Amino acid sequence: MYSACSIAGSDSGGGAGIQADLKTMTLNGVFATSAITALTAQNTTGVFDIMEASPEFLTKEIDAIFTDIRPDAVKIGMVSSSALIRVISERLQFYHAEHIVVDPVMVATSGAKLINDEAIETLKEELLPIAEIITPNIPEAEILSGMPIKTADDMMTAAKKIASDYPCAVLCKGGHHVNDADDLLVQKDSVQWFKGRRIDNPNTHGTGCTLSSAIAANLAKGFSLTDSVQRAKAYISGALQAMLDLGQGSGPMNHAFDLNGEFVYNSDGKASPEFRCAGGNQ
Ligand SMILES: Nc1ncnc2c1ncn2[C@@H]1O[C@H](COP(=O)(O)OP(=O)(O)OP(=O)(O)O)[C@@H](O)[C@H]1O
Ligand SMILES: Cc1ncc(CO)c(N)n1
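Residues numbered from 1 in each chain as written. Chains lettered and ligands numbered in written order. Predicted model: local features only at pLDDT ≥ 70, side-chain atom pairs only at ≥ 80, totals over all residues. Heavy atoms only, no water.

By the naming in an unreviewed UniProt entry, the protein is Hydroxymethylpyrimidine/phosphomethylpyrimidine kinase, taken from Catenisphaera adipataccumulans. UniProt's Sequence similarities (unreviewed entry) comment on the protein is quoted here verbatim: "Belongs to the ThiD family." (UniProt positions renumbered as here; feature names shortened; annotations may be inferred.)

Pasting the structure below:
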């Protein structure tokens, strides 16, 4: 069975972070491992506290994973400090990790800052050079490109700038646009829009984590980057469309669905009629 590893923060509320990643990877048909960078005391209304793992402990988590169940892809989410970013970069290069997806998490849906300013520079220096793809939302793309994004043309200019500054593909997510939820993928030789109808659901906590984990899971299974993004976009649209309404703020998504309405994935990562997800038909 293929496996993917999430290196990210824990969300006690279950909607984002490691919790979203493990659900997404499982339902996209790969075995999921995790190296936790920080605990957050968080729910749908906000982030109340953060406790970082030490660099030494994060090193041991990554070593434990790579020396035993080597991941076929790695997703990196919330990493709040430069010291932790350096550990991740060094360890992933040491293990020649493949298919690295970087979600440059900066601010939670609720508005809480999840990275310090110095660490944003370290992320650019240490993680973007080893990433296959990065998945900024619009505010993150503004910071990485150094330009404001108000229109689809701005999105294109900013994503192209980031893709020319760093050796990775860039998926600029349109969730923060007011109209359609269209995402833009810029690779060295191609540019492609992934169109998404905006789903009228205020419960979008963890959409970015879910999308990047679904991309990593599909890369782990051997799909091309373009196909992995396409499949991840279908997954996030399904999870938003499945309309869960939990908590008092921006709630989590519903992962207990499948793309055709009934079945989830078997251990080969193929849709299987024998393996029905509890709650999938609700
Ligand atoms: N209301 C919506 N309807 C349809 N798709 C959406 C909606 N909101 C977000 N998306 C999609 O969800 C994915 C994540 O995008 P978004 O810009 O919300 O990421 P993010 O801000 O990093 O998420 P997070 O809330 O986890 O920080 C993208 O594919 C985006 O198009
Ligand atoms: C732990 C964690 N990672 C990422 C996000 C971004 O959605 C969040 N809110 N919490």
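Right, picking up where we left off after that structure.
A tally of helices and strands in the protein yields 8 helices and 11 strands. Computed over C-alpha atoms, the radius of gyration of the protein comes to 17 Å, within 12% of the 19 Å expected from 2.2 N^0.38 for 282 residues, which places it in the range of a compact globule. Overall size of the protein, expressed as C-alpha extent along the three principal axes, is 45 × 45 × 40 Å. Relative to its full complement of 282 residues, the protein shows a buried share of 54%. Restricting to contacts in the protein with at least 6 residues of sequence separation, those with at least 24 account for 66%. Total accessible area on the protein stands at roughly 12200 Å², and carbon and sulfur atoms take up 53% of it. Positive and negative side-chain charges in the protein, numbering 21 and 34 respectively, have mean positions lying 3 Å apart. (Helix = DSSP H or I, 4+ residues; strand = E, 2+ residues; numbered from the N terminus. Rg over C-alpha atoms; globule rule 2.2 N^0.38 Å. Buried < 20%, exposed > 50% of the residue type's maximum accessible area, 1.4 Å probe, protein only. Contact = heavy atoms within 4.5 Å. Areas by Shrake-Rupley, 256 points an atom, 1.4 Å probe, with all protein chains shown as cover. Lys, Arg positive; Asp, Glu negative; His and termini not counted. Charge placed at Lys NZ, Arg CZ, Asp CG, Glu CD.)

Next up on the list: the site of ligand 2. Every residue lining ligand 2 is accounted for by Gly-9, Ser-10, Ala-16, Gly-17, Gln-42, Met-78, Val-105, Ala-108, Leu-114, His-205 and Cys-209. Between ligand 2 and Gln-42 there is a distance of 2.8 Å, counted from a nitrogen atom to a side-chain nitrogen or oxygen. Starting from 290 Å² of accessible surface for ligand 2 in isolation, the protein chains cover 94%. Here the shell around ligand 2 is built from residues that sort into 6 nonpolar, 5 polar and no charged. (Near = heavy atom within 4 Å. Polar contact = N/O pair within 3.5 Å; in protein donor to acceptor, adjacent residues only side chain to side chain. Nonpolar A, V, L, I, M, F, W, Y, C, P; charged D, E, K, R; others polar.)

So, on to the site of ligand 1. As a matter of local geometry, ligand 1 sits amid 19 residues, with Thr-109, Lys-173, His-176, Asp-183 and Ile-199 nearest to it. The backbone of Ala-181 places a nitrogen or oxygen atom 3.4 Å from an oxygen atom of ligand 1. Considering every element that reaches the shell around ligand 1, the biggest residue donor is helix 7 (residues 207-220), with 4 residues.

Attention now goes to the environment of Ile-130. Secondary-structure assignment places Ile-130 in the loop between helix 4 (117-127) and strand 6 (133-134). Measuring from C-alpha to C-alpha, the distance between Ile-130 and Gln-19 comes to 24 Å, with 111 residues separating the pair along the chain. Contacts of Ile-130, omitting those with residues within four sequence positions, involve Ser-89, Leu-92, Gln-93 and Ile-100.

This brings us to the packing of aromatic side chains. Applying the stated rule across the entire model yields 2 aromatic pairs. For the pair Phe-66 and Tyr-95, a centre-to-centre distance of 4.9 Å together with 15° between the ring planes defines the contact as stacked. With Phe-66 in helix 2 (residues 55-66) and Tyr-95 in the loop between helix 3 (82-94) and strand 5 (100-102), this pair connects stretches of sequence that are 29 residues apart. Tyr-95 shares its class with Phe-66; the two are buried. (Phe/Tyr/Trp six-rings, centres within 6.5 Å; stacked < 30°, edge-to-face > 60°.)

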